[in-house]
Amino acid sequence: MLEPINGRTMFYGKHDVLTYRTYAKPLLVSPISESSFTGCDNIIFAHNISFAVTGEAFLTSFSQGDNSMVVATDSMKNFILRNSADYTGSTTEGLLQLLSSRFMDRYNHVTSISITAHRIPFEQVMVPCSEGLKQSQLVLRHSNNESYSASLTMQRGEDEPEVISHECNLKDLQLIKVSGSSFYGFVQDEYTTLPESYDRPLYIFLNIDWTYSDVQHALDGDAGQYVAVEQVRDIAHSAFHELSSPSIQSLIYQIGIRVLTRFPQLATVSFESNNRTWETIVEPTEGKGGVFTEPRPPYGFQGFSVSRADLAEATGTLV
Ligand SMILES: O=c1[nH]c(=O)c2[nH]c(=O)[nH]c2[nH]1
């Protein structure tokens with residue numbers, strides 16, 4: 001969100017600018033052992049963009065109804081759509097930088113911009129070829145799985161617009177581990193009704209956010225340091241698979257440590273988790289499964305952020 005100017009909140013902009021750009025530059029990332037993802041063709045590079053601007057020059061539009069400096073939000077939408085055609089890079093973050101720095105160049109009374117893009121996920125379908133199956137270069141399907149978004153705040157600098165904050169977000173990853181998770185040893189008192197569990201079907205909803213130490217690595221997919229959301233997701237998968245977690249608190253901490261270990265270019269990884277563990281109706285037995293149903297509200301949640309200092313403490317090395 002944009003910082004207040006002289007202590008005053010003041011911004012305006014456009015939400016839900018749906019931008020379906022075809023044939024952006026393909027993204028290539030270094031392989032990691034937890035993931036089969038090494039890049040994507042970016043045949044459909046689609047985003048839902050939110051764009052907000054501020055600047056002292058807009059004060060009179062609020063206080064005196066003076067529209068002389070107001071760039072209509074309809075024009076902002078057109079600016080975003082038309083300039084998206086010129087993006088030559090491969091990352092969401094780079095697109096956001098292009099749009100906001102061009103907007104500042106065009107309208108010099110704008111002093112800061114906050115821009116967020118939710119990637120609209122399209123996956124290439126698999127089609128037969130002489131060697132079996134291959135990814136179609138023509139047909140993609142809209143995916144309703146987890147999604148990706150990125151946000152930048154840009155400010156007019158001495159020479160050119162500067163990125164003053166950024167965040168990358170994986171939203172709504174929904175994972176179930178059917179066996180191998182426990183939750184026991186918690187406070188027992190007159191309010192406790194939850195039974196201790198030594199093997200529960202742990203179902204979690206996860207949001208994972210990260211920042212880079214040098215934002216340039218997020219903006220430029222060609223620098224070889226871009227962290228793909230698919231790889232972060234796959235690290236969460238493999239950590240969940242491998243660890244016998246005593247709680248969601250411990251699980252998200254361990255995922256965070258693994259992500260920071262794998263990607264030295266990241267500064268922080270933060271989590272918000274939601275506990276959707278199924279309610280047991282019939283206990284599972286050897287050779288015969290159990291029966292579960294949807295949990296009832298209210299739902300528990302956890303939040304935690306892991307920094308490089310935490311990683312150093314966890315591994316006993318210097319930051
Ligand atoms: O992993 C968990 N952490 C909690 O803090 C908690 N509280 C609860 O009722 N179930 C769980 N599970």
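Procedures and definitions
Residues numbered from 1 in each chain as written. Predicted model: local features only at pLDDT ≥ 70, side-chain atom pairs only at ≥ 80, totals over all residues. Heavy atoms only, no water. UniProt positions renumbered as here; feature names shortened; annotations may be inferred. Axes fitted to C-alpha atoms, helices over the stretch in contact; angles between N-to-C directions. Helix = DSSP H or I, 4+ residues; strand = E, 2+ residues; numbered from the N terminus. Parallel < 35°, antiparallel > 145°, perpendicular 65-115°, else oblique. Left-handed = near helix turned anticlockwise from the far one by under 90°. Contact = heavy atoms within 4.5 Å. Nonpolar A, V, L, I, M, F, W, Y, C, P; charged D, E, K, R; others polar. Phe/Tyr/Trp six-rings, centres within 6.5 Å; stacked < 30°, edge-to-face > 60°. Buried < 20%, exposed > 50% of the residue type's maximum accessible area, 1.4 Å probe, protein only. Polar contact = N/O pair within 3.5 Å; in protein donor to acceptor, adjacent residues only side chain to side chain. Pairing = 2+ DSSP bridges.

As named in an unreviewed UniProt entry, the protein is Uricase, taken from Paenibacillus crassostreae. Among the UniProt annotations of the protein, the heading Function (unreviewed entry) holds the following wording: "Catalyzes the oxidation of uric acid to 5-hydroxyisourate, which is further processed to form (S)-allantoin." Under the Catalytic activity (unreviewed entry) heading, UniProt states for the protein: "urate + O2 + H2O = 5-hydroxyisourate + H2O2".

Caption draft 1: Representation of the packing of helix α2 (residues 73–84) against helix α3 (residues 92–106) in the model. Where α2 meets α3, the closest approach of the two axes is 10 Å, and the angle between their N-to-C directions is 125°. As summarised for this structure, α2 and α3 are arranged oblique, according to the angle between their axes. Relative to α3, the crossing made by α2 is right-handed. Of the residues in α3, those in contact with M76, F79, I80, N83 and S84 of α2 are L95, L98, L99, R102, F103 and R106. Of the residues contributing to the contact of α2 with α3, the split by class is seven nonpolar, two polar and two charged.

Caption draft 2: The arrangement of the packing of aromatic side chains in detail. Overall, the coordinates contain 14 aromatic pairs when judged by the stated rule. Relative to F186, the ring of F183 has its centre 4.6 Å away and its plane inclined at 15°; by these criteria the two rings are stacked. Note on F186: relative accessible area 18%, which makes it buried. Ring centres 5.7 Å apart and planes at 75° place the aromatic pair Y203 and W278 in the edge-to-face group. Within this pair, whereas Y203 is found in strand β10 (residues 202–212), its partner W278 is found in the loop between β11 (266–275) and β12 (279–282), the two being separated by 75 residues in sequence. Residue Y203 is classed as buried on the basis of its relative accessible area, which comes to 18%. Members of the aromatic cluster, each reached through a chain of ring pairs, are F51, F79, F103 and Y107.

Caption draft 3: Focus on the UniProt feature "binding site: 5-hydroxyisourate" (unreviewed entry) in the protein. Feature annotation in UniProt places "binding site: 5-hydroxyisourate" (unreviewed entry) on T73, D74, F183, R200, Q249 and N275, given in this structure's numbering. For the annotated residues, spread through 203 residues, the largest C-alpha to C-alpha distance comes to 52.1 Å, inconsistent with a single compact locus. Tracing the chain through its elements places F183 in the loop between β9 (162–177) and β10. Position of N275 relative to the elements: it lies in strand β11. Leaving out residues up to four positions away in the same chain, N275 has contacts with R200, L202, Y203, I248, Y299 and G300. For N275, the side chain forms a polar contact with the side chain of T277, separated by 2.6 Å.

Caption draft 4: Highlighting the pairing of β11. Two elements, β10 and β11, share nine bridges in a ladder whose sense is antiparallel. The partner of D209 across the bridge, within β11, is S270. In the sheet, β11 pairs with strand β14 (residues 301–307) via seven bridges, with the strands oriented antiparallel. When the bridges of β14 are listed, S270 appears paired with S305.

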